[in-house]
Amino acid sequence: MSETARQLSPCTRAQRDDELGCNPGQIIDLLSDDDARAMFLSADEPTTVRELAAEHDLPLSTAYRKVDRLHESGLLTNLNRQSGETPAVYVRSADHVSVTYDEPLRIECIRNGKTLYCEP
(Lines give C-alpha, C1' and ligand atoms only; values in the text may rest on other atoms or scores of the structure.)
Protein backbone atom coordinates (compact mmCIF):
# COMPACT_ATOMS: atom_id res chain seq x y z
CA MET A 1 0.00 0.00 0.00
CA SER A 2 1.39 3.42 -0.90
CA GLU A 3 2.22 6.04 1.73
CA THR A 4 -0.49 8.33 0.32
CA ALA A 5 -3.19 5.64 0.60
CA ARG A 6 -2.33 5.06 4.26
CA GLN A 7 -2.76 8.77 5.06
CA LEU A 8 -6.32 8.90 3.73
CA SER A 9 -9.14 8.97 6.26
CA PRO A 10 -12.39 7.45 4.97
CA CYS A 11 -15.77 9.03 5.56
CA THR A 12 -19.02 7.22 4.75
CA ARG A 13 -22.44 8.63 3.98
CA ALA A 14 -23.79 7.40 7.31
CA GLN A 15 -20.94 8.62 9.50
CA ARG A 16 -18.91 11.81 9.42
CA ASP A 17 -15.20 11.82 9.95
CA ASP A 18 -15.35 14.18 12.99
CA GLU A 19 -15.26 17.98 12.48
CA LEU A 20 -13.15 17.56 9.36
CA GLY A 21 -15.54 15.04 7.85
CA CYS A 22 -17.79 15.48 4.88
CA ASN A 23 -21.25 14.45 3.76
CA PRO A 24 -20.92 13.08 0.18
CA GLY A 25 -24.55 13.51 -0.88
CA GLN A 26 -24.64 17.11 0.28
CA ILE A 27 -21.28 17.89 -1.27
CA ILE A 28 -22.45 16.66 -4.68
CA ASP A 29 -25.67 18.71 -4.40
CA LEU A 30 -23.85 21.84 -3.25
CA LEU A 31 -21.08 21.70 -5.82
CA SER A 32 -23.78 21.28 -8.50
CA ASP A 33 -25.51 24.48 -7.27
CA ASP A 34 -23.86 27.49 -8.96
CA ASP A 35 -24.59 29.89 -6.08
CA ALA A 36 -23.49 27.49 -3.33
CA ARG A 37 -20.31 26.62 -5.22
CA ALA A 38 -19.53 30.33 -5.75
CA MET A 39 -20.13 31.05 -2.05
CA PHE A 40 -17.81 28.17 -1.07
CA LEU A 41 -15.08 29.42 -3.40
CA SER A 42 -15.33 33.02 -2.21
CA ALA A 43 -15.07 32.08 1.49
CA ASP A 44 -11.28 31.80 1.31
CA GLU A 45 -11.13 34.60 3.92
CA PRO A 46 -13.41 34.84 6.99
CA THR A 47 -16.78 36.27 5.95
CA THR A 48 -20.34 36.63 7.21
CA VAL A 49 -23.51 35.40 5.55
CA ARG A 50 -24.56 39.01 4.95
CA GLU A 51 -21.29 39.66 3.09
CA LEU A 52 -21.70 36.50 1.00
CA ALA A 53 -25.30 37.44 0.15
CA ALA A 54 -24.22 40.91 -1.01
CA GLU A 55 -21.24 39.61 -2.98
CA HIS A 56 -23.37 37.06 -4.84
CA ASP A 57 -26.51 39.19 -5.11
CA LEU A 58 -28.65 36.69 -3.20
CA PRO A 59 -31.55 37.25 -0.81
CA LEU A 60 -30.30 36.96 2.78
CA SER A 61 -32.64 34.03 3.50
CA THR A 62 -31.25 32.09 0.51
CA ALA A 63 -27.68 32.84 1.57
CA TYR A 64 -28.38 31.60 5.11
CA ARG A 65 -29.85 28.33 3.78
CA LYS A 66 -26.90 27.72 1.48
CA VAL A 67 -24.33 28.56 4.17
CA ASP A 68 -26.11 26.24 6.63
CA ARG A 69 -25.91 23.43 4.07
CA LEU A 70 -22.26 24.19 3.26
CA HIS A 71 -21.48 24.09 6.98
CA GLU A 72 -23.44 20.83 7.53
CA SER A 73 -21.64 19.20 4.61
CA GLY A 74 -18.23 20.04 6.08
CA LEU A 75 -17.27 22.55 3.37
CA LEU A 76 -17.46 25.67 5.59
CA THR A 77 -16.29 26.17 9.17
CA ASN A 78 -17.97 28.54 11.61
CA LEU A 79 -15.10 30.44 13.24
CA ASN A 80 -16.97 32.06 16.13
CA ARG A 81 -20.03 29.87 16.78
CA GLN A 82 -22.21 33.03 16.72
CA SER A 83 -22.67 34.42 20.19
CA GLY A 84 -25.07 37.22 21.04
CA GLU A 85 -25.16 40.01 18.50
CA THR A 86 -21.87 39.08 16.83
CA PRO A 87 -22.60 37.66 13.36
CA ALA A 88 -21.27 34.21 12.56
CA VAL A 89 -18.08 34.20 10.52
CA TYR A 90 -17.39 31.39 8.05
CA VAL A 91 -14.38 30.24 6.07
CA ARG A 92 -13.74 27.37 3.66
CA SER A 93 -12.74 24.26 5.55
CA ALA A 94 -11.20 22.64 2.49
CA ASP A 95 -8.39 23.99 0.36
CA HIS A 96 -9.40 21.73 -2.51
CA VAL A 97 -12.37 19.46 -3.27
CA SER A 98 -12.51 17.01 -6.15
CA VAL A 99 -15.19 14.56 -7.19
CA THR A 100 -14.42 11.48 -9.27
CA TYR A 101 -17.45 9.88 -10.88
CA ASP A 102 -15.83 6.52 -11.53
CA GLU A 103 -16.95 3.39 -9.69
CA PRO A 104 -17.08 4.00 -6.82
CA LEU A 105 -17.84 7.70 -6.68
CA ARG A 106 -15.07 9.37 -4.68
CA ILE A 107 -14.81 12.82 -3.08
CA GLU A 108 -11.43 14.09 -1.93
CA CYS A 109 -11.10 17.10 0.37
CA ILE A 110 -7.68 18.54 1.12
CA ARG A 111 -7.59 20.41 4.42
CA ASN A 112 -4.41 21.82 5.91
CA GLY A 113 -2.37 19.47 3.76
CA LYS A 114 -4.30 16.36 4.87
CA THR A 115 -6.38 14.46 2.32
CA LEU A 116 -9.74 13.09 3.47
CA TYR A 117 -11.88 11.07 1.15
CA CYS A 118 -15.48 9.95 1.01
CA GLU A 119 -16.92 7.01 -0.88
CA PRO A 120 -20.70 6.74 -0.45
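Residues numbered from 1 in each chain as written. Predicted model: local features only at pLDDT ≥ 70, side-chain atom pairs only at ≥ 80, totals over all residues. Heavy atoms only, no water.

Participant: Hey, could you go over the sheet that holds strand 2 (residues 47-48) for me, with residue numbers and the actual values?
Facilitator: Pairing is antiparallel across the open sheet formed by three strands, whose spatial order is 2-4-3. Either end of the sheet is taken by a strand with one partner, and the two such strands are strand 2 and strand 3 (76-78). Inspection of the sheet shows strand 2 paired to strand 4 (residues 89-92) by two bridges, in the antiparallel sense. Residue pairing in the sheet places T48 in a bridge with V89 of strand 4. Here helix 5 (residues 60-73) sits on the sheet in contact with strand 3 and strand 4, set at roughly 100 degrees to strand 3. (Pairing = 2+ DSSP bridges. Helix = DSSP H or I, 4+ residues; strand = E, 2+ residues; numbered from the N terminus. Contact = heavy atoms within 4.5 Å. Axes fitted to C-alpha atoms, helices over the stretch in contact; angles between N-to-C directions.)

Participant: How would you summarise helix 5 if you had to cite specific residues and measurements?
Facilitator: Over its 14 residues, helix 5 extends 20 Å from the first C-alpha to the last, a length consistent with the 20 Å expected when each residue adds 1.5 Å. Listed in full, the buried residues belonging to helix 5 are T62, A63, K66, V67, L70 and S73. Viewed end-on, helix 5 has its buried residues packed into an arc of 125 degrees, placing them on one side of the element. (Expected span 1.5 Å × (residues − 1). Buried < 20%, exposed > 50% of the residue type's maximum accessible area, 1.4 Å probe, protein only. Arc of directions from axis to C-beta.)

Participant: Describe the pairing of strand 4, listing the residues and the values that go with them.
Facilitator: Side-chain direction in a regular strand flips from residue to residue, so the side chains alternate between the two faces of the sheet. Where strand 3 meets strand 4, three bridges bridge the pair, whose relative direction is antiparallel. Looking at the pairing, T77 lines up with V91 of strand 4.

Participant: Would you mind going over the pattern of salt bridges in detail, with residue names and values included?
Facilitator: Scanning all chains against the criterion turns up three salt bridges. D29 serves as the salt-bridge partner of R69, at 3.8 Å between the closest nitrogen and oxygen. Taken as a pair, R69 in helix 5 and D29 in helix 2 (residues 24-32) lie far apart in primary sequence, 40 residues in all. Take R69: its relative accessible area is 31%, and that puts it in the partly exposed class. Taking the shortest distance from any N to any O, the salt bridge between D34 and R37 comes out at 2.7 Å. You can see D34 and its partner R37 sitting in helix 3 (residues 34-42), three residues apart, about one turn around the helix. Assessed through its relative accessible area of 54%, D34 is described here as exposed. (Salt bridge = Lys/Arg side-chain N within 4 Å of Asp/Glu carboxyl O.)

Participant: Summarise the nonpolar core; cite the residues concerned and give the values.
Facilitator: Of all hydrophobic cores here, the largest spans 23 residues; its most connected members are L75 and V97. Those elements that provide at least two residues to this core are helix 2, helix 3, helix 4 (49-55), helix 5 and strand 6 (106-111). Here this core takes four residues from helix 2, the largest share from any one element. (Core = buried A, V, L, I, M, F, W, Y, C linked by side-chain atoms within 4.5 Å.)

Participant: Which residues make up a negative patch on the surface, and what values do they have?
Facilitator: On the surface, D44, E45, E51 and E55 cluster together to form a negatively charged patch. Tracing the backbone through its elements, the reader meets E51 in helix 4. Under the relative-accessibility criterion, E51 is labelled partly exposed at 42%. (Patch = residues over 30% accessible without salt bridge, like charges linked within 9 Å, V, L, I, M, F, W, Y side chains within 5 Å. Areas by Shrake-Rupley, 256 points an atom, 1.4 Å probe, with all protein chains shown as cover. Lys, Arg positive; Asp, Glu negative; His and termini not counted. Charge placed at Lys NZ, Arg CZ, Asp CG, Glu CD.)

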